[in-house]
Amino acid sequence: MSTTILLTIISLSAIGSIAAIILYFVAQKFKVFEDPRIGMVEEALPAANCGGCGYPGCRGFAEALVRADDISPLFCPVGGNDVMTTVAKILGKEVEAKEPLVAVIRCSGSFAKRPRTNEYDGATTCIISSNLYSGDTGCQYGCLGMGDCVTVCKFDAIYMDKETGLPVVIDDKCTACGACVKACPNIIIELRKKNKKDRKIFVSCVNKDKGGIAKKSCEVACIGCSKCVKVCPYEAITLENFLAYIDPNKCKLCRKCVEECPTNAILEINFPPRKQKDESIEGTEQVKSSEKENE
Amino acid sequence: MNRLITVSPSPHVYEDTTVKRLMFDVVIAMLPALAMSIYFFGMGAIIVTLVAVVSCLMFEWLIQKFLLKQEPTITDGSALVTGILLAFNVPSNLPIGIIILGSLVAIGVGKMSFGGLGNNPFNPALVGRVFLLISFPVKMTSWPVPGGFNTGYADAVTGATPLAIVKEGLGKGDQLSDLMAQVPSHMELFYGHMGGSMGEIAAVAILLGFAYLLFRKVITWHIPVSILLTIALFTGIMWMVNPQTNADPLFHLLTGGVMLGAVFMATDYVTSPMTIKGMWIFGIGIGVLTVLIRVFGAYPEGVSFAILIMNAFVPLINAYVKPKRFGEANNGK
Amino acid sequence: MLKTFAKGGVHPAECKYSEDSAIVNLPLPKTVNIPIAQHIGAPSKAIVAKGDKVKVGDKIAESTGFVSANIHSSVSGTVAKIDDILDSTGYKRPCIVIDVEGDDWNETIDRSTELKKEISLTDKEIIAKINASGIVGLGGATFPSHVKLSIPDGKKINVLIINGVECEPYLTSDHRLMLEKAEEMLVGIQILMKALSVNRAMIGIENNKPDAIAHLTALVKNYPGIEVHPLKVQYPQGGEKQLIKALINREVPSGGLPLDVGAVVHNVGTAFAVYEAVQKNKPLFERVVTVTGQLISKPSNFMVRIGTPVSQLIEAAGGLPEDTGKVINGGPMMGKAVNSIEVPVTKGTSGILIMSKDAAKRKKESTCIRCAKCVSVCPQGLEPYLLIKQTQLEKNDKLEQSGVMDCIECGSCSYTCPAGLPLLDYIRLGKSRVSRIIRSRKQ
């Protein structure tokens, strides 16, 4: 009996050690040299694997960062400037600070404001609906309301408001990875500068129809009246195809256009309630000065 | 116009088949076999079936509601089918506790752990059955002898199945012809007068169910026929080579759940291949494995194991056996 | 044993309510909206401007390439505007809007009804004539007909197949045409045979139209080379590839065209339009449209001018029922639900189907139980359950390998799925993604 046990132990140990030796040599032979910095960079990245950088996962981005001579075109939107500085330190390269961005929904056509003209009853994704026809309202440009943006968001930063049928971005959670921008077939989502205190002014409409048609299909559509263009002191607003667009780089958040818009298509977000007209201009001055301090 | 018209992608008409209807068709197809088992095993059959069905439904509901936090879908009938199938696969005098445990394993491990209906690689009822067979080998193989409708639940007389009698006897070196004299005649086997699991005994009732399933186009004939053909062919060859030690093919077809397995278990949608060619491979595999286990294996009965093993191959079959595409081979000029 | 195609297919309830209603001319509308993109290929270019006077049959938009077609005015009157208008594709597209004034036809059109049998033109002239008359496939695909008749060098055609299958439930426009305009259609087929220089034509008709089969079988005795073939009722037999398989048992290779197997397929409606264009000099500006549905009080077949609003057809068939759920341009399997009943009839409109609210609802979705029914009904031998998974996961290269581009969008898989999955919705999405990839690869 004891010999059986002994034999078993010996033979198994022998097999084990032979296998270990073979494995060791095989591992040596097939060893792949890897830049240790890739691992370090990956460590520094947020590990969200969101693809917001344009690479497949954080690992892919880390490899790209290590490979690149100039890393300034590369940016991790989730980690933001902090992470990029850390990465730059690891790699000994330069990186510029970038303005933090946040997704905004450029459509205000809620159930109340934009009457439905038909009912959609297909697969509940925006992309299939948009491949089929112009949508269940008179406006063929606006939000389709089936939440493809919500599905792709990995940070739970966007949800559908059941009351309005429109998606809502939770600014604090949004990392500006851009997944929703890519997912939206009507391209109504845009990444815009976060600004101080998350203050934003933008045209919440993408309707390119003529004024009358746009207005008929949606109460809060941009009708291309060009009033905002005229009132803007910074020439930040352009009008194309009956649709106004505020350039975030030129806009100084003066809020003049918001008041001027006859259809309330321009939204101001996170501003204090308006007081007297004079004071509000003063307020903008403050914002401007504080922005300068930031830079 | 104040009323809104609906817009949706084509097609705009649908066949009235639903998952629910398919499942209830399967239940209807199982009724003759259930009736036969009640006829032969009495109260025990009713109690076992009820317990299995109720506990399967309950476990599915509990797991979906509290563990997975889904909308419970027990009304689709799939848990009902699993419950009846599980009952079909156990002796009619199995203690209630064991049946409930089997249901838990069938639904919890066999089905819900993979994500519920449509995602389970193995037939849930068989997972439950095999679990019980391994855990409670004695209870699971002490088959009540058919005692008629008035047999009570606990007082059934137990005996071996025909397959077990033959297998054990041959192991001891008995003559096959003597052993065949101990087991019921082929006619008796056909209408189910033998010891065994509840649903597997009456071949005639199962064939009736098969005909119903075919008529309602719930299943195609390929899987059952390929299994039965393979078993008949395989055992037939062995019988011709040596009729002294190998039972005849008809005996193999009529005993030990071959019919039940081929018609109700192997044809489970979720765990069977998608293409006709795949179905043939699947069926032949089950047939061969069944005979191998029966003739060379430790268990007298092998259908459950054979189906489970082939279930594991289904994803592979689906990946490699593709339907012939239109225009793939250009036969025109 | 009747012929049919080999693989898959379904048999939806036929519901041919309008098969006994003779074709009636629909009264002229007040205005017509004629889209400039009514066919597959490059959209035409409008050659009229606001305020121009046009007559019936005048060319108003010009083809802009080989795969494109001319468009002719269907009415006489004044061009009111050229504007983006919602059409049956579900999008706003440029349309020529004409206010109707009287019914003044272009003088070159022969309006007599007498049958003209002698074919005086040569094959080249026939094709040129068909091209000039703006004829496209009237079965619904709207592929410009002259393209199908121009056989590239090195290809040999030995049979012309005429599609009288009408496998879509409800629709009867081709059926009525075969009964009422049979002789004209047969001359049209002869013209097509001459254009292709083939001496054999096969008309495939499904067995649910015994009167059309009998009528044509009696008539073809006088037309050598033309045969009538009854076919077993099976959807989608009207698909080009399926019809070729059913009639001459040849399989069009994946990604190939019917002419790769020596066949050309035309619809019976197209054959009739060819007759009118070649023998009567009448371009394509009207077509037969079935207006039908369970709730429609007078299921009818109308001869309709292109550009007429659908609402007017529904009015003529007894009005829009109270319980309308869906209005479909085409048949229930492949037709397109429109989002307004004001959309115009186009060259591809073979029928207008009204469905009740209940019938319009989709089945409730549940999970896939891998029942393999979609695999068994797919006439192209694809695996829809796999295609939907791969589309959802955006596995585009796998999707291409799985043959998604071979899908003919017949809808049999969605029709049969017991779990009510939107299989075709996703397969279409997958197709559009894969075709975009293929296009970018070619560049």
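Every value quoted in this text rests on a predicted model; they were computed, and no experiment measured them.

(A) The sheet that holds strand 10 (residues 201-206) of chain C, seen in detail. All names here are of chain C. Taken in spatial order, the 4 strands of this open sheet run 11-10-9-12, and their pairing is parallel. This sheet does not close on itself; its edge strands, each paired only once, are strand 11 (226-231) and strand 12 (263-267). Neighbour-to-neighbour, the strand axes of this sheet turn through a mean angle of 25°, independent of strand direction. Here strand 9 (residues 159-164) runs beside strand 12; their pairing, made up of 5 bridges, is parallel. Residue pairing for strand 12: Ile162 is matched across the bridge by His266. Its contacts with the sheet put helix 7 (residues 268-280) on strand 9 and strand 12, and the angle it makes with strand 12 is roughly 80°.

(B) Focus on the domain arrangement of chain A. Residue and element names in this part refer to chain A. Split into domains, chain A comes out as domain 1 (36-91), domain 2 (101-191) and domain 3 (195-295). Contact with domain 2, which involves 20 residues of that partner, is made by 17 residues of domain 3. Summed over both partners, the interface of domain 2 with domain 3 comes to about 1,500 Å²; 55% of that surface belongs to carbon and sulfur atoms. Sorting the residues of domain 2 by area buried against domain 3 places Arg106, Lys113 and Tyr141 first, and these three jointly supply 39% of that buried surface. Where domain 2 packs against domain 3, one counts 1 salt bridge. There are 6 residue pairs in polar contact (both at pLDDT 80 or more) connecting domain 2 and domain 3.

(C) Layout of the interface of chain B and chain A. Taken together, the contacts link 6 residues of chain B with 10 residues of chain A. Roughly 670 Å² of surface becomes buried between chain B and chain A when both sides are summed, with 70% attributable to carbon and sulfur atoms. Broken down residue by residue, the surface that chain B buries against chain A is led by Leu4, Val7 and Pro9 of chain B, which jointly contribute 70%. In this assembly, chain B and chain A are joined by 3 residue pairs in polar contact (both at pLDDT 80 or more). Partitioned by chemical class, the residues of the side of chain B that touches chain A number 4 nonpolar, 2 polar and no charged. Strand direction decides the pairing type here: strand 2 (residues 118-120) of chain A and strand 1 (residues 5-7) of chain B, joined by 3 bridges, are parallel. Bridging across to strand 1 of chain B, Asn118 of chain A finds its partner in Ile5 of chain B.

(D) Spotlight on the interface of chain B and chain C. With 41 residues of chain B at the interface, the matching set in chain C holds 66 residues. Summed over the three residues of chain B that lose the most area to chain C, namely His12, Met274 and Phe326 of chain B, the buried surface amounts to 19% of that side. Taken together, chain B and chain C are joined by 2 salt bridges. Lys324 of chain B serves as the salt-bridge partner of Glu251 of chain C, at 3.6 Å between the closest nitrogen and oxygen.

(E) Up close: the sheet that holds strand 5 (residues 59-62) of chain C. Residues and elements named next belong to chain C. Judged by pairing direction, the sheet is antiparallel, and its 3 strands sit side by side in the order 3-5-6 without closing on themselves. Sheet topology places strand 3 (45-46) and strand 6 (71-72) at the edges, where each strand pairs with a single neighbour. Relative to strand 6, strand 5 runs antiparallel, the two sharing 2 bridges. Within strand 6, the residue paired with Lys59 across the bridge is His72.

(F) Molecular detail of the pattern of salt bridges. Inspection of every chain in the model, using the stated rule, returns 35 salt bridges over all chains. Asp136 of chain A serves as the salt-bridge partner of Arg116 of chain A, at 3.5 Å between the closest nitrogen and oxygen. Of this pair, Arg116 of chain A sits in the loop between strand 1 (101-105) and strand 2 while Asp136 of chain A sits in the loop between helix 5 (126-132) and helix 6 (148-152), placing them 20 residues apart in sequence. By relative accessible area, which is 23% here, Arg116 of chain A ends up partly exposed. When its relative accessible area of 16% is taken as the criterion, Asp136 of chain A is described as buried. For Glu180 of chain C, the salt bridge identified is with Arg176 of chain C, shortest N-O distance 2.9 Å.

Scoring rules and cut-offs
Residues numbered from 1 in each chain as written. Chains lettered and ligands numbered in written order. Predicted model: local features only at pLDDT ≥ 70, side-chain atom pairs only at ≥ 80, totals over all residues. Heavy atoms only, no water. Pairing = 2+ DSSP bridges. Helix = DSSP H or I, 4+ residues; strand = E, 2+ residues; numbered from the N terminus. Axes fitted to C-alpha atoms, helices over the stretch in contact; angles between N-to-C directions. Contact = heavy atoms within 4.5 Å. Domains from an automatic or database assignment. Buried area = accessible area lost by both parts, 1.4 Å probe. Salt bridge = Lys/Arg side-chain N within 4 Å of Asp/Glu carboxyl O. Polar contact = N/O pair within 3.5 Å; in protein donor to acceptor, adjacent residues only side chain to side chain. Nonpolar A, V, L, I, M, F, W, Y, C, P; charged D, E, K, R; others polar. Buried < 20%, exposed > 50% of the residue type's maximum accessible area, 1.4 Å probe, protein only.

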